[in-house]
Amino acid sequence: MSTARLRRLGVAVMATTVASGGIFLLQPAFSSSDRGGGPLLDAVRQKINDPNADVPSRGVQESTLMGASSANPLDILVVGGGGTGCGVALDAATRGLRVGLVEREDFSSGTSSRSTKLVHGGVRYLEKAFFNLDYGQLKLVFHALEERKQVIDNAPHLCHALPCMTPCFSRFEVLYYWMGLKMYDLVAGPRLLHLSRYYSTQESVELFPTLAKKGNGRNLSGTVVYYDGQMNDSRLNVSLACTAALAGAAVLNHAEVVSLLKDEANGRIIGARIRDNISGKEFDSYAKVVVNAAGPFCDSVRKMVNKAVKPIICPSSGVHIVLPDYYSPEGMGLIVPKTKDGRVVFMLPWLGRTVAGTTDSDTIITPLPEPHEDEIQFILDAISDYLSVKVRRTDVLSAWSGIRPLAMDPSAKNTESISRDHVVGEEYPGLVTITGGKWTTYRRTSFSMAEDAVNAAIKSGKLSPGTGCLTQNLRLIGGEGWEPSSFTVLAQQYVRMKKTYGGKVVPGIMDSAAAKHLSHAYGTLAYRVAAIAQDEGLGKRLAHGYPYLEAEVAYCARHEYCESAVDFIARRSRLAFLDTDAARRALPRVIEILALEHSWDMSKQELELQKAKDFLETFKSSKNAQFHDGKHQVLEIK
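(A) A look at the overall build of the protein chain. Scanning the protein chain for helices and strands turns up 20 helices and 22 strands. Burial statistics for the protein chain: of 638 residues in total, 57% are counted as buried. For the protein chain, long-range pairs separated by at least 24 residues make up 73% of all intrachain contacts whose partners lie at least 6 apart in sequence. Put simply, the protein chain shows about 25500 Å² of open surface, and 54% of that area lies on carbon and sulfur atoms.

This is the structure we're talking about:
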């Protein structure tokens, strides 16, 4: 069937849908356009967008939490510094509430840094909505589409649209996927990123050179391409934390809740006992409401109130591997909606490399989940069915596993109650728990996450916010005024002064790769990093082949609460996720710079080095693969 005929059919499908009453699809069940902000939003924006503004120091933040007494409590204390927890803190702080947040490890140290890197628009929910006539699934599509657009608008330097190609091996598959995606375009309406379209076999291979025309006895009949969002997840999370701090929230990473405080007179939760895992000291911090946003560890917080409480977390694991850039073109992803065992497999360009992975499988909760070799091989086998190049285990630069905290109704009798959306509840007075959901919906309204949790906390604590939710109209730190061309200013105005092995400082150009990286990672604040590289002789790259600069270590220690070597290699930069061995080689210099910033002695530096090496062992690159597989030519490299 020709491209032209397919496109004409799409017009007919859309016209039929509208004529039959389908026009209601263009109207979402909610709207944020009528929400104003007024003077309070203007004041918050001014704080966040001030180019000279600095986040309060870690010491100041800790003092604020320590100063929250029973006589003068915080309005809300958030437990958990992932995307949801930081989103709650930002939402509450911008409403004029007194907010604190504590995170046991680092912002985005868990699930929020181990995502698929996609800002999903809910395309899979649409199929369920139509085939099952499920309006609930349709609302999820509306919800995800609006949030996808909102996240990209609020952090344009960290999020962007990405075309995703779906291979089709029969005319039926072409029609099925193409018509489904045209319906998706219709549902998206003004929230559409770009129109989907069909490409012939030859056009598809030109766009995706490694795509196989034949495989497993099948011939490629063409592809359908639609657009989704992509993000730098942990940097988005860190930006949420820093934006919340500028808005007035006291955020503290490496601070663990060891117990919850209870009013013995009425049984209400009134705060938490907190341990600073850097200094080791403990203190009490009081709040009118505690919000439990601990992700996979939500049940651990709930058990601090009642050890016999039924779990609400059904942990699910998503495994991802990183391959060299030649496996996928820079501007096109590949998504296979259904493999032989029914799972989705994807292969996407990300930060100059290729990330491939699969959807959820059952797992157990652990602080540092590791991918199993059979899961890595499943991904390699699955993508090899669709590629014309040999897929080798030796090409795996990094591999990791993330735990998604699917929410489960504790009163249900079977797993049919497991939700792909989020759950907010107050089982115990003063403790609001929010769990489930996904990155795309960390912020959103009436039936979603941060706003839902804050609304529940306001009701529980009888709080008096100065305004309603403002975050839908609020760009994160570094986002206001950013343009895709902003990197050119860095390249033109800055040089990278760097020290040679002999200690001599020599100039180096701020090349396009480094300038683009800084611009996308830090937005309009990238000039601060560039100035450090230029003025302090910290312009050298940390790892060959990657644009990360020494200046970033110093900047993140000063302005982004980077307190450990792992904080930097895994979450302020993405080196551990992109290339485990490159991260290992960069460690000595990262620790050397952090030691100067945080006044570490030699024993602390040695401890940081060992912790970082242990952390990197959980990322299963080809260098620490523990098996031999002739199909993928795996060799254990000592």
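(B) Summary view of the packing of helix H5 (residues 123-131) against helix H6 (residues 135-154). Following both chains from N to C, one finds H5 and H6 inclined at 155°, their axes separated by 8 Å at the closest point. Regarding the angle of H5 to H6, the classification is roughly antiparallel. When the axes of H5 and H6 are compared, the crossing they make is left-handed. In contact with Tyr125, Leu126, Lys128 and Ala129 of H5, H6 contributes Gln137, Leu138, Leu140 and Val141.

(C) Quick look at the pattern of salt bridges. According to the stated counting rule, one finds 32 salt bridges in the structure shown. Between Asp91 and Arg95 there is a salt bridge whose closest N-O contact spans 2.7 Å. Take Asp91 and Arg95: they sit in the same class, and that class is buried. Of the charged contacts in the structure, one is a salt bridge between Glu536 and Arg558, with a shortest N-O distance of 2.9 Å. On the criterion of sequence distance, the pair formed by Glu536 in the loop between helix H15 (526-535) and helix H16 (550-559) and Arg558 in helix H16 is long-range, its members being 22 residues apart. Its relative accessible area of 37% is what places Glu536 among the partly exposed residues. Through salt bridges with shared partners, a single ionic network connects Glu256, Arg273, Arg275, Glu282 and Asp284.

(D) The pairing of strand S15 (residues 345-350), seen in detail. S15 sits mainly inside the fold: 6 of its 6 residues count as buried. Side chains Val345, Met347 and Pro349 project from S15 onto one buried face, and the interleaved Phe346, Leu348 and Trp350 project onto a second face that is buried too. Pairing of strand S14 (residues 333-336) with S15 involves 3 bridges; the strand directions are antiparallel. Counted as the bridge partner of Val336 is Val345 from S15.

(E) Fine view of the packing of aromatic side chains. Counted under the stated rule, the structure contains 10 aromatic pairs. Their ring planes at 85° and their centres at 6.2 Å tell us that Tyr184 and Tyr226 sit as a pair that is edge-to-face. Of this pair, Tyr184 sits in helix H7 (residues 171-188) while Tyr226 is found in strand S8 (residues 222-231), placing the two residues 42 residues apart along the sequence. For the ring pair Tyr522 and Tyr555, a centre distance of 5.4 Å and an interplane angle of 80° mean the geometry is edge-to-face. Pair noted here: Tyr522 is in helix H14 (residues 512-522) and Tyr555 is in helix H16, with a separation of 33 residues, a long-range link. Among the aromatic side chains, those forming a connected cluster through ring pairs are Trp400, Phe577, Phe615 and Phe619. Directly above the aromatic system of Phe577 lies the positively charged group of Lys117, at a separation of 5.1 Å from the ring centroid. Directly above the aromatic system of Tyr522 lies the positively charged group of Arg235, at a separation of 4.3 Å from the ring centroid.

(F) Layout of the nonpolar core. Counting residues in each nonpolar core, the largest one holds 134 residues, and the members touching the most others are Val291, Leu518 and Val590. Among the elements that line this core, the one with the most residues is helix H19 (residues 580-598), at 9 residues. Here Val291 is in contact with Ile76, Leu77, Val78, Val79, Val88, Val432, Ile434, Ala453 and Ala457, once residues within four sequence places are set aside. One finds Tyr327, Ile376, Tyr386 and Val396 within the second-largest nonpolar core, a separate group that totals 27 residues.

(G) Structural detail: the pairing of strand S2 (residues 99-102). The two faces of S2 match: Val99 and Leu101 on one face and Gly100 and Val102 on the other face are all buried. Relative to S2, strand S1 (residues 74-79) runs parallel, the two sharing 4 bridges. Across the sheet, residue Val78 finds its bridge partner in S2, namely Leu101. Bridge count for S2 against strand S9 (residues 250-252) is 3 bridges, and the pairing is parallel. Its bridge partner being in S9, Leu101 is matched across the sheet by Val251.

(H) Spotlight on the side chain of His320. Its location among the elements puts His320 in strand S13 (residues 313-323). For His320, the side chain forms a polar contact with the main-chain oxygen of Gly318, separated by 3.4 Å. Look past the residues within four positions of His320 in its chain and what remains in contact with it is Arg114, Ser115, Thr116, Phe346, Val355, Ala356, Gly357, Ile379, Ser398, Ala399 and Trp400.

(I) Examining helix H11 (residues 373-384) more closely. In this model, H11 (12 residues) spans 16 Å end to end at C-alpha, consistent with the 16 Å of a helix rising 1.5 Å per residue. Listed in full, the buried residues belonging to H11 are Glu373, Glu375, Ile376, Ile379, Leu380, Ala382 and Ile383.

(J) Region of the structure containing the state of the cysteines. Summed over all chains, the structure comprises 0 disulfides. Left unpaired, Cys562 is separated from the closest cysteine sulfur, that of Cys556, by 5.7 Å.

(K) Structural context of the packing of helix H17 (residues 565-572) against H19. Look at H17 against H19: their axes get within 9 Å of each other, and the N-to-C directions meet at 120°. The angle between the axes of H17 and H19 places the two elements in the oblique class. The handedness of the crossing between H17 and H19 comes out as right-handed. Residues Ala565, Phe568 and Ile569 of H17 form the contact with H19, whose own contacting residues are Leu587, Val590, Ile591 and Leu594.

(L) Examining H19 more closely. Taking the largest bend as the criterion, H19 deviates by roughly 45°, centred on Ala586, and proline Pro588 comes between one and four positions later. Those residues of H19 lying buried are Thr580, Asp581, Ala582, Ala583, Ala586, Leu587, Val590, Ile591, Ile593, Leu594 and Ala595. Buried residues belonging to H19 abut strand S18 (398-407), H16, H17, helix H18 (575-578) and helix H20 (602-616). The residue sitting at the N-terminus of H19 and contributing the capping side-chain oxygen is Asp579; that oxygen lies 3.2 Å from the backbone nitrogen of Asp581. Where H19 terminates, the next one or two residues include Ser599, which has phi positive at roughly 60°.

(M) Highlighting unusual backbone geometry. Unlike most non-glycine residues, His254 shows phi in positive territory, near 55°. Tracing the backbone shows His254 in the loop between S9 and strand S10 (255-262).

(N) Region of interest: the environment of Gly110. For Gly110, the position within the fold is in the loop between S2 and strand S3 (118-119). In sequence terms Gly110 and Pro296 are 186 residues apart; their C-alpha atoms lie 8.5 Å from each other.

(O) Fine view of the environment of Phe568. Considering the arrangement of structural elements, one finds Phe568 in helix H17. For the pair Phe568 and Ile591, spaced 23 residues apart in the sequence, the C-alpha separation amounts to 9.6 Å. In this view, Phe568 contacts Leu542, Glu552, Val553, Cys556, Cys562, Ser573 and Val590; residues no more than four positions away in its chain are not counted.

About the cut-offs
Residues numbered from 1 in each chain as written. Predicted model: local features only at pLDDT ≥ 70, side-chain atom pairs only at ≥ 80, totals over all residues. Heavy atoms only, no water. Helix = DSSP H or I, 4+ residues; strand = E, 2+ residues; numbered from the N terminus. Buried < 20%, exposed > 50% of the residue type's maximum accessible area, 1.4 Å probe, protein only. Contact = heavy atoms within 4.5 Å. Areas by Shrake-Rupley, 256 points an atom, 1.4 Å probe, with all protein chains shown as cover. Axes fitted to C-alpha atoms, helices over the stretch in contact; angles between N-to-C directions. Parallel < 35°, antiparallel > 145°, perpendicular 65-115°, else oblique. Left-handed = near helix turned anticlockwise from the far one by under 90°. Salt bridge = Lys/Arg side-chain N within 4 Å of Asp/Glu carboxyl O. Pairing = 2+ DSSP bridges. Phe/Tyr/Trp six-rings, centres within 6.5 Å; stacked < 30°, edge-to-face > 60°. Lys NZ or Arg CZ within 6 Å of the ring centre and 35° of its normal. Core = buried A, V, L, I, M, F, W, Y, C linked by side-chain atoms within 4.5 Å. Polar contact = N/O pair within 3.5 Å; in protein donor to acceptor, adjacent residues only side chain to side chain. Expected span 1.5 Å × (residues − 1). Disulfide = S-S within 2.5 Å. Bend = angle between axes of the 7 residues up to and from the residue.

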